[in-house]
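One-letter residues, chain by chain:
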4 protein chains.
Amino acid sequence: MNNDKVIKIGIVGATGYTGIELLRLLATHPNAQVIVITSREYTGIRVDSLFPALRGFYDHHFVEPKTKHLYKCDVVFFATPPGVAQEAIPDILNKGIKVIDLSADFRIRDAALWEKWYGKTHICPELLKQSVYGLPEINRQHIKNASLIACPGCYPTSVLLGFKPLLENGLVDTNNLIANVASGVSGAGREANLDNLLAETSDSYKAYSAEGHKHLPEIEQGLKDIAGSSVQLTFVPHLLPIIRGIHSTLYATLKVKGADLQKIYEECYKNESFIDILPSGSHPQTRAVKGTNTCRISVFCPRDGDKVVVLVVEDNLVKGASGQAIQNMNILFGLPENTALDNPALLP
Amino acid sequence: MNNDKVIKIGIVGATGYTGIELLRLLATHPNAQVIVITSREYTGIRVDSLFPALRGFYDHHFVEPKTKHLYKCDVVFFATPPGVAQEAIPDILNKGIKVIDLSADFRIRDAALWEKWYGKTHICPELLKQSVYGLPEINRQHIKNASLIACPGCYPTSVLLGFKPLLENGLVDTNNLIANVASGVSGAGREANLDNLLAETSDSYKAYSAEGHKHLPEIEQGLKDIAGSSVQLTFVPHLLPIIRGIHSTLYATLKVKGADLQKIYEECYKNESFIDILPSGSHPQTRAVKGTNTCRISVFCPRDGDKVVVLVVEDNLVKGASGQAIQNMNILFGLPENTALDNPALLP
Amino acid sequence: MNNDKVIKIGIVGATGYTGIELLRLLATHPNAQVIVITSREYTGIRVDSLFPALRGFYDHHFVEPKTKHLYKCDVVFFATPPGVAQEAIPDILNKGIKVIDLSADFRIRDAALWEKWYGKTHICPELLKQSVYGLPEINRQHIKNASLIACPGCYPTSVLLGFKPLLENGLVDTNNLIANVASGVSGAGREANLDNLLAETSDSYKAYSAEGHKHLPEIEQGLKDIAGSSVQLTFVPHLLPIIRGIHSTLYATLKVKGADLQKIYEECYKNESFIDILPSGSHPQTRAVKGTNTCRISVFCPRDGDKVVVLVVEDNLVKGASGQAIQNMNILFGLPENTALDNPALLP
Amino acid sequence: MNNDKVIKIGIVGATGYTGIELLRLLATHPNAQVIVITSREYTGIRVDSLFPALRGFYDHHFVEPKTKHLYKCDVVFFATPPGVAQEAIPDILNKGIKVIDLSADFRIRDAALWEKWYGKTHICPELLKQSVYGLPEINRQHIKNASLIACPGCYPTSVLLGFKPLLENGLVDTNNLIANVASGVSGAGREANLDNLLAETSDSYKAYSAEGHKHLPEIEQGLKDIAGSSVQLTFVPHLLPIIRGIHSTLYATLKVKGADLQKIYEECYKNESFIDILPSGSHPQTRAVKGTNTCRISVFCPRDGDKVVVLVVEDNLVKGASGQAIQNMNILFGLPENTALDNPALLP
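For clarity, every value in this text was computed on a predicted model and none was experimentally measured. (Residues numbered from 1 in each chain as written. Chains lettered and ligands numbered in written order. Predicted model: local features only at pLDDT ≥ 70, side-chain atom pairs only at ≥ 80, totals over all residues. Heavy atoms only, no water.)

**Student:** Could you clarify how one ought to interpret the environment of A288(C) in this entry?
**Tutor:** Structurally, A288(C) is set in the loop between β11 (275–277) and β12 (295–300). The class of A288(C) is buried, set by a relative accessible area of 6%. Residues A288(C) and E314(C), spaced 26 residues apart in sequence, show a C-alpha to C-alpha distance of 8.8 Å. Other than its neighbours up to four places away in sequence, A288(C) contacts A53(B), R296(C), A345(C) and L347(C). (Helix = DSSP H or I, 4+ residues; strand = E, 2+ residues; numbered from the N terminus. Buried < 20%, exposed > 50% of the residue type's maximum accessible area, 1.4 Å probe, protein only. Contact = heavy atoms within 4.5 Å.)

**Student:** Would you take a moment to explain the relation of the copies chain D and chain B for this structure?
**Tutor:** Put simply, the two copies of the chain differ by a rotation about an axis and a shift along that axis. Aligned on chain B, chain D shows an RMSD of 0.0 Å; the corresponding rotation is 180 degrees and the shift along the axis is 0.0 Å. Expressed as an axis order, the relation between the two copies is that of a two-fold axis. Comparing interface residues between copies, 100% of those in chain D also lie at the interface in chain B; the contact surface is shared. (Least-squares fit on C-alpha atoms with pLDDT ≥ 70 in both.)

**Student:** I'm lost on the sheet that holds strand β2 (residues 32–38) of chain D in this one. Help?
**Tutor:** Sheet strands pair via backbone hydrogen bonds, and the direction of the pair is either parallel or antiparallel. Residue and element names in this part refer to chain D. On the basis of which strands lie adjacent, the open sheet formed by six strands has the order β2-β1-β3-β4-β6-β5 and parallel pairing. Strands at the two margins of the open sheet, each flanked by one partner only, are β2 and β5 (132–133). One ladder, built from six bridges, connects strand β1 (residues 7–12) with β2; its direction is parallel. Each bridged residue has a counterpart across the sheet, and for I11 the counterpart in β2 is I37. Relative to the sheet, helix α10 (residues 318–332) contacts β1, β3 (75–78), β4 (98–101) and β6 (148–150), its axis offset from that of β4 by approximately 155 degrees. (Pairing = 2+ DSSP bridges. Axes fitted to C-alpha atoms, helices over the stretch in contact; angles between N-to-C directions.)

**Student:** Quick question: what am I supposed to make of the packing of aromatic side chains here?
**Tutor:** Between two aromatic rings, the relevant description is the distance of the centres plus the angle of the planes. Applying the stated rule across the entire model yields 16 aromatic pairs over all chains. Between the aromatic rings of Y155(B) and F235(B), the centroid separation amounts to 5.5 Å while the plane-to-plane angle is 80 degrees, which identifies the pairing as edge-to-face. Taken together, the residues Y155(B) in helix α6 (residues 154–168) and F235(B) in strand β9 (residues 233–240) connect sequence positions 80 residues apart. F235(B) matches Y155(B) in its accessibility class, with the two residues each being buried. For the ring pair W114(D) and Y118(D), a centre distance of 5.1 Å and an interplane angle of 15 degrees mean the geometry is stacked. Taken together, the residues span about one helical turn, with W114(D) and Y118(D) both in helix α4 (residues 111–118) at a distance of four residues. (Phe/Tyr/Trp six-rings, centres within 6.5 Å; stacked < 30°, edge-to-face > 60°.)

**Student:** How should the interface of chain D and chain B be read in this particular structure?
**Tutor:** Residue-level contacts link 20 residues of chain D with 20 residues of chain B. When chain D packs against chain B, close to 1,600 Å² is buried across both sides, 69% of that on carbon and sulfur atoms. Per-residue buried area on chain D facing chain B is highest for L194(D), L197(D) and L198(D); these three make up 37% of the total on that side. The tally of links between chain D and chain B comes to zero salt bridges. Where chain D packs against chain B, one counts four residue pairs in polar contact (both at pLDDT 80 or more). Residue contributions to the side of chain D that touches chain B peak at four residues, all from helix α7 (residues 198–201) of chain D. Taken together, the residues that form the side of chain D that touches chain B break down as 10 nonpolar, six polar and four charged. (Buried area = accessible area lost by both parts, 1.4 Å probe. Salt bridge = Lys/Arg side-chain N within 4 Å of Asp/Glu carboxyl O. Polar contact = N/O pair within 3.5 Å; in protein donor to acceptor, adjacent residues only side chain to side chain. Nonpolar A, V, L, I, M, F, W, Y, C, P; charged D, E, K, R; others polar.)

**Student:** How do you make sense of the interface of chain B and chain A when you look at a structure like this?
**Tutor:** Taken together, the contact between chain B and chain A spans 43 residues of the former and 43 residues of the latter. Across the chain B to chain A interface the summed buried area is about 3,800 Å²; carbon plus sulfur atoms make up 53%. Taken together, the connections running from chain B to chain A amount to six salt bridges. The shortest N-O distance in the salt bridge between E200(B) and R287(A) comes to 2.6 Å. Examining the composition of the side of chain B that touches chain A, we find that five residues originate from one element, β9(B), more than from any other.

**Student:** Would you mind showing me how to read α6(B) here?
**Tutor:** Along an α-helix, a turn takes 3.6 residues, which lines up residues three or four apart on a common side. Residue and element names in this part refer to chain B. Across its 15 residues, α6 extends 21 Å between first and last C-alpha, which sits within 8% of the 21 Å expected from 1.5 Å per residue. The largest bend in α6 is about 35 degrees, located at G162, with the proline P165 one to four residues further on. Burial analysis of α6 places 14 of its 15 residues in the buried class, the great majority of the element. (Expected span 1.5 Å × (residues − 1). Bend = angle between axes of the 7 residues up to and from the residue.)

**Student:** Please clarify how the relation of the copies chain B and chain A should be interpreted in this entry.
**Tutor:** When chain B is fitted to chain A, the best match, at an RMSD of 0.0 Å, comes from turning it 180 degrees and sliding it 0.0 Å along the axis. Comparing contact sets, 100% of the residues at the interface of chain B also lie at the interface in chain A, consistent with an isologous, same-surface contact.

**Student:** I would appreciate a short explanation of the pairing of strand β3 (residues 75–78) of chain A in the present structure.
**Tutor:** Residue and element names in this part refer to chain A. Residues V75 and F77 of β3 are buried on one face, and the alternating residues V76 and F78, pointing to the opposite face, are buried as well. The pairing of strand β1 (residues 7–12) with β3 spans four bridges and is classified as parallel. Across the sheet, the residue bridging to I9 is V75, located in β3. By the bridge criterion, four bridges tie β3 to strand β4 (residues 98–101) in an arrangement that is parallel. Residue F78 lies in a different strand from β4, and its bridge partner there is D101. Handedness of the crossover is the feature at issue here: the chain leaves β3, passes through helix α3 (residues 84–94), returns alongside β4, and the resulting connection is right-handed. (Right-handed = clockwise from strand over helix to strand, strands pointing away.)

**Student:** Whenever I open this one, the sheet that holds strand β2 (residues 32–38) of chain C confuses me. Can you help?
**Tutor:** Residue and element names in this part refer to chain C. Spatially, the six strands line up as an open sheet ordered β2-β1-β3-β4-β6-β5, and their pairing is parallel. Where the open sheet ends on each side, the last strands, each with one partner, are β2 and β5 (132–133). Bridge count between β5 and strand β6 (residues 148–150): two bridges; the pairing is parallel. Residue pairing for β6: V132 is matched across the bridge by I149.

**Student:** Please explain unusual backbone geometry as it appears in this structure.
**Tutor:** The phi torsion of most residues other than glycine is negative, and most of the peptide bonds are trans. Residue L347(A) is joined to P348(A) through a cis peptide bond whose omega torsion reads 5 degrees. Topologically, P348(A) is positioned in the segment after α10 (318–332). At A340(B), a position not held by glycine, the phi torsion is positive, near 70 degrees. With respect to the helices, strands and loops of the structure, A340(B) is situated in the segment after α10 (318–332). Phi is positive for D304(D), which is not a glycine, with a value near 50 degrees. Position of D304(D) relative to the elements: it lies in the loop between β12 (295–300) and β13 (307–314). Its relative accessible area of 63% is what places D304(D) among the exposed residues.

**Student:** What's the story with the pairing of β13(D) in this structure? I'm lost.
**Tutor:** Successive side chains on a regular strand alternate, one facing one side of the sheet and the next facing the other. Residue and element names in this part refer to chain D. Within β13, eight of the eight residues are buried, leaving the element largely enclosed by the surrounding structure. Side chains of β13 alternate between two faces, with K307, V309, L311 and V313 and V308, V310, V312 and E314 buried alike. As paired strands, strand β10 (residues 246–253) and β13 are joined by eight bridges and run antiparallel to one another. Bridge pairing links I246 to E314 in β13. Both β12 and β13 contribute to a ladder of five bridges, which runs antiparallel. Across the sheet, residue S298 finds its bridge partner in β13, namely L311. In textbook terms, the turn of a hairpin is the stretch between consecutive antiparallel strands, and for β12 and β13 this stretch comprises six residues, one of which, R303, has a positive phi near 50 degrees.

**Student:** How should I be thinking about the packing of helix α5 (residues 136–144) of chain A against α10(A) in this particular structure?
**Tutor:** Residues and elements named next belong to chain A. Where α5 contacts α10, the two axes come as close as 10 Å, and the packing angle between them is 40 degrees. In terms of crossing hand, the pair formed by α5 and α10 is right-handed. Residues P136, E137, R140, I143 and K144 of α5 touch α10, and the partners they reach there are K319, Q324, Q327, N328, I331 and L332. Taken together, the residues of the contact of α5 with α10 break down into four nonpolar, three polar and four charged. (Left-handed = near helix turned anticlockwise from the far one by under 90°.)

Structural data, given as structure tokens:
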């Protein structure tokens, strides 16, 4: 650890919710020096005039995404829509600059699969091999030496962390997995979308994409990696009338009854500072992780039957996106993993 | 039908949310004449001083629950906590008065099972045989001639209606059913409970009673009745930060792939005015049934696999409680089933 | 009254919140027959495919706004953005068809003033004289014989009804009036606007347009009409994180202390079925009028000083827009004023 | 400044929202060592079993309020209901321990006035003289040497900071002040109160205590101190369906028109790190201060008339309570005033 290390940071696409959240979290990071903040739409505007909550923390103006100022960075975060990071990343990697990509561009190793779900041709499939999936609790060793980190999606983070102890220990039928997940509306991004108006979304609840959501191939890839075998997942996302928070309710069928699941979960994550296995019988709530990088998990075996129920909560913008991105940066630069990520939730 | 029929009505326990909702719905019922409104706690108080939204509709005062005025009624609704209705109902039935019980007292036919889940001794188990389970879409013929109707719980209504077409047609493995359900906080009742404060519940989401919820035996009894065989249900309820609305996401495993589920669902409910099967590919939202007695259902078979996903929404206070109670009353008194239940949802 | 009268109705611009609300309310109106529903954007689409809450109530498709089918109507409602109604109305009036305009086009009698605040040239200022301001509690006699009714804005309805008893009786200094008003987000319309996303608006509160809001000239015109003298109003609107509801907190300075304000308010509105003066000491809440055409009002004189505080609540989409429009229609066609507007609020 | 100074801290009454918020904020304070956390109700229980959001930050158990462990503290915070702090404080002060009282017990200098509004006899009125009103932006010099600090109420903080520049400069008529304020429900405390259930409060808005609220005498005392003359305030609080946040809309009448109010406000607070005067024409929102000790203020003079409108936002639990308490502690112990209070708002 080197407390006075300074990391020069660029953020590409800083006007979406994951971009703003990076700025919020980096504002209190002792080693972070944000030097470039880009936005196509708001070039020339002061960042804090668009986001008054950042007044006093940043005096930057947004600059064009294709700026040479990025070359002065030690690391560049991409918080961009699908397909955008692909265009800019090769050039930046060539300069020896680290890249942490919060978008979906480099998460799926199979380019054809990516192209099917995202409806675009992948520009630099050759980088997919080099890309490291940035879920530290599963992939920490590879992250340390990565040059390109693909941060996991918000749903995949939650589902993979929840199923990991079961799959790793071969406890459940991998062809009968169910993930019933619910996300706050910030997961849909900061876009003028009729469906996400308060008057349309508040005081209501619905499932969406029940026929297939684009996070599904990413999750199945991750589950296969952990299980070392094929998996079949039924994945149904829902929209919660809250701002932040993902709650996953996972269902699996035990191969053999009677395992001490509580102990297995505690053991699996005993060295992880961001994974908190709740005491037996407790139920996690999304508010208890609001604004934090913590993932809280409970495990149940109702009526001691053959079904296991796992409950997982995370803040979709922190552990599900920008906090995890900073956790990756901390690992990459040899800092304590919880630097700038060590605060309690804002509750109530 | 007799449009000028007058039904004299008593409501016992009218200060909880299902009681208030009865008053709201009966205010526009052309045949209803509410003559007695009881409340232990508020005896002597004007109803509309406690509930200003009812100003102009009721000039009643709350009276003691054990009032002889109930004897003048044609029907008495019980909207009381578990165990209360049992005490009063035998006497009222003896006077030849119909009873529609919104509480859990007469829903489970097995008294021992009831006693296990509700932690009390059942006072009049002999009435359980006579009691008719008031889910018209399953039990309409028995309701017509009932003297004691046990209105289903809010979760059971939604889960039973959602699984019915699958079970009736023997399409799924009955030992692998999952009901992932979510309810607005009005489902927890109008009680001063720290956990249901806006500051504790809003902008958050959680599961509860994952180890076993008291609606589980009621649902399993109903599923068995439909399936004609044993069933195994995993049932996980969640608390939504909304006032009204239940959303059930049901999962089952098909015995044989390839059935036209959309058609099967439409066929099953084609004569039901309160069940609306949405067009293929649509997802129901709780707000689209807010304030109505309608249940909207969608059915999916993701990636044409062996899992079926059913989405069901209802207003927990209407189709899940008071609206269904009035639907039962309409059947009982030979009125059109949708009398006073024929309005669109309050949306937005 | 003529219960079997049928009114043929057209709705122009039925995809905004006031248009949808007209459809919701007219669905239960015994004399209403909606024959034309227009939408530029959604021409050809079934109305209930866009608004599933209306399934079972309308089988119409949206048609082009400039349709001759409007000529078959007895009355046409305009629920359009500023400037749109002006273009179509002259032709419709010429056919002898009644027009009820929910937009701002004909509310302000001074065309120059309208043009200043709405930033457009008024197309048919000659109709301004003929237009009748549709606030029945102030203008009922003129409404009966009107051909063109300009429905008041949501804020003006609330502020005018709240100040009326004070101004009519000459009790307060008309140059020191303050209206601190707060509206739910449905008041901003059904438009894809970043600022009204749940993630931007929920769990927050703010004032807006403190330097001058476009409802100000309409309110000042109405206050002058009532007071018969010049008025000075400070008007500050706020955005509430709720869907429906306007709450106005009005402040004025008494010329003479000691008047029995409670009695004056009750007397003023004693014959009005949609105005409910609450008992002394009560505070109205927006939820207690949700979905209704009722306006609830309380009046206070804190510490018996010279300031009077008036609290007014209404549902901005009902009494503040579509309900009031139907109230006007009922008056125009000789129906009981509360036809289809006679239900209790949806509470909780 | 002494960065390695350790302050031993006791918190009396740590289970209300201001107590929990102290724990949240102190968790990241580099000089704070919380050694005693009391609760009458939860004695013996682990703090983080009651508040899971604090898991990993505190391993304390709640102890009895009357514990001698408090004597080991350098400072004791009281986060107790009215009347409780009075009983315990004299003993603690006698031991030479500093006290920061977040309750209302020592805010009002006139014991008779306190007794009138709080309905109790004051136990130690002699301490009122010694007590220092803990609003640093007004009273910083006295705070430095205080032994007993009375932290201002949430509403008073907002109203006093908003009016200060106007009163200090003698710009407005002090007998015609209006404060229209709105608070999130956490302001009502963590108590099982029917009125604050999500099902009662959400999707609604109301004024309360329009006839006189108990913060009124505290505000008037503060305004008089600033103005140096008598004041007359009309104060109407409202309940917002949000968790945190106070928004004050202040109205005053200018004695002379034409002052550069923007400049006066900026000048008044130019050295204050927690007061942010927004650019001219901007409106503050409560969410932009969520979780922070910042107070954001805008000033308007609508239509260049004689009325000034001031908009003030704060987080009622931070600048309106616990954050301000820690700001006071920082001053008292010679630390940088923003220690542990230097993070951006949680937005979105």
